[in-house]
Amino acid sequence: MRKDTIEHDGVIDSIEGCHIRVKILQQAACNGCKAKSMCTQSESKEKYIDVYVDDISHIYNVGDVVKVCGALSMGKQAVLFAFGIPLVLTVLWMLFAIIYLGLGDLVSVAILVAIMAIYFFILYLNRQSFSRKFAFWIAN
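Keep in mind that this is a model prediction, so the values were computed, not measured.

A.B. asks: Let's hear about helix 1 (residues 72-100): which residues, and what values?
C.D. replies: Helix length check: helix 1 (29 residues) gives 40 Å between terminal C-alpha atoms against 42 Å at 1.5 Å per residue, within 8%. The sharpest bend along helix 1 comes to roughly 40°, located at Leu 80. Met 74, Pro 86, Trp 93, Met 94 and Ala 97 are the residues of helix 1 that are buried. Where helix 1 ends, the next residue or the one after it, Gly 102, has phi of about 65°, a positive value.

A.B. asks: Which residues make up the nonpolar core, and what are the values?
C.D. replies: Within the largest apolar cluster, eleven residues are counted, these being Ile 12, Ile 20, Val 22, Ile 24, Ile 49, Val 51, Val 53, Tyr 60, Val 66, Val 68 and Ile 138. Breaking this core down by element, the ones donating at least two residues are strand 2 (19-27), strand 3 (44-52) and strand 4 (65-71). Top contributing element to this core by residue count: strand 2, with three residues. With near-sequence residues (within four places) excluded, Val 66 lies in contact with His 8, Asp 9, Gly 10, Ile 12, Val 22, Tyr 60 and Ile 138.

A.B. asks: Break down the side chain of Ser 108 for me, with residues and values.
C.D. replies: Along the polypeptide, Ser 108 turns up in helix 2 (residues 105-125). Every residue in contact with Ser 108, bar those within four places of it in the chain, is listed here: Trp 93, Met 94, Ala 97, Ile 98 and Leu 103.

A.B. asks: Summarise the pattern of salt bridges; cite the residues concerned and give the values.
C.D. replies: Oppositely charged side chains are able to pair whenever their charged atoms sit close together. In this structure the tally under the stated criterion is three salt bridges. Taking the shortest distance from any N to any O, the salt bridge between Lys 67 and Asp 9 comes out at 3.0 Å. With Lys 67 in strand 4 and Asp 9 in strand 1 (residues 5-16), this pair connects stretches of sequence that are 58 residues apart. By relative accessible area, Lys 67 is classed as partly exposed at 29%. Exposure remark for Asp 9: the relative accessible area of 52% places this residue in the exposed category. Residues Asp 50 and Arg 21 are paired through a salt bridge, measuring 3.4 Å at the closest nitrogen-oxygen approach. Placement of Asp 50 in strand 3 and of Arg 21 in strand 2 is noted, with a sequence separation of 29 residues between them. Classification of Asp 50 by relative accessible area gives partly exposed; the value is 31%. Among the residues examined, Arg 21 registers a relative accessible area of 33% and is labelled partly exposed.

A.B. asks: Please set out the packing of aromatic side chains residue by residue, giving values where relevant.
C.D. replies: In this structure the tally under the stated criterion is three aromatic pairs. Plain terms: the ring middles of Trp 93 and Phe 96 are 5.9 Å apart, the flat faces sit at 45° to each other, and that makes the pair tilted. Placement of both Trp 93 and Phe 96 in helix 1 is noted, with a separation of three residues, approximately one turn of the helix. Seen in terms of ring centroids, Phe 96 and Tyr 100 are 6.1 Å apart; in terms of plane orientation they differ by 40°. Their pairing is tilted. Highlighted residues: Phe 96 and Tyr 100, both in helix 1, separated by four residues, approximately one helical turn. Given a relative accessible area of 40%, Phe 96 falls into the partly exposed group. The structure contains a cluster of three or more aromatic residues connected by ring pairs, namely Trp 93, Phe 96 and Tyr 100. It is Arg 127 that lies over the ring of Tyr 124; its NZ or CZ is 4.1 Å from the centre.

Conventions and cut-offs
Residues numbered from 1 in each chain as written. Predicted model: local features only at pLDDT ≥ 70, side-chain atom pairs only at ≥ 80, totals over all residues. Heavy atoms only, no water. Helix = DSSP H or I, 4+ residues; strand = E, 2+ residues; numbered from the N terminus. Expected span 1.5 Å × (residues − 1). Bend = angle between axes of the 7 residues up to and from the residue. Buried < 20%, exposed > 50% of the residue type's maximum accessible area, 1.4 Å probe, protein only. Core = buried A, V, L, I, M, F, W, Y, C linked by side-chain atoms within 4.5 Å. Contact = heavy atoms within 4.5 Å. Salt bridge = Lys/Arg side-chain N within 4 Å of Asp/Glu carboxyl O. Phe/Tyr/Trp six-rings, centres within 6.5 Å; stacked < 30°, edge-to-face > 60°. Lys NZ or Arg CZ within 6 Å of the ring centre and 35° of its normal.

Spelled out as structure tokens, the structure:
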């Protein structure tokens, strides 16, 4: 495993042309613990990762076990878009609305909800661009 990548073992769930859908089992850190059967904190979830392959010379089949990789920087950028920017927008808006505009709390929060809805709607509209930017690949 390279230092700058995230790797998950998964099973190919479906193949449609150059689009491969891989099912991974995302496990909590405590799942390796010997006491997990007695613990209520352990959890695991099935997730699906979409992989687009340009080189179809590799023959993949549904049910094959593969290693799915992604750049570590993708995770950092995803956190920035999902949490960092909304946090900055929230703090800046609340400071601006309360200090400079003198709006009440209820009005400020209502406008903030609208700002967040617009922000996430813009992210949604740009999902195709993000799907190319946040790409995963199958390790050989």
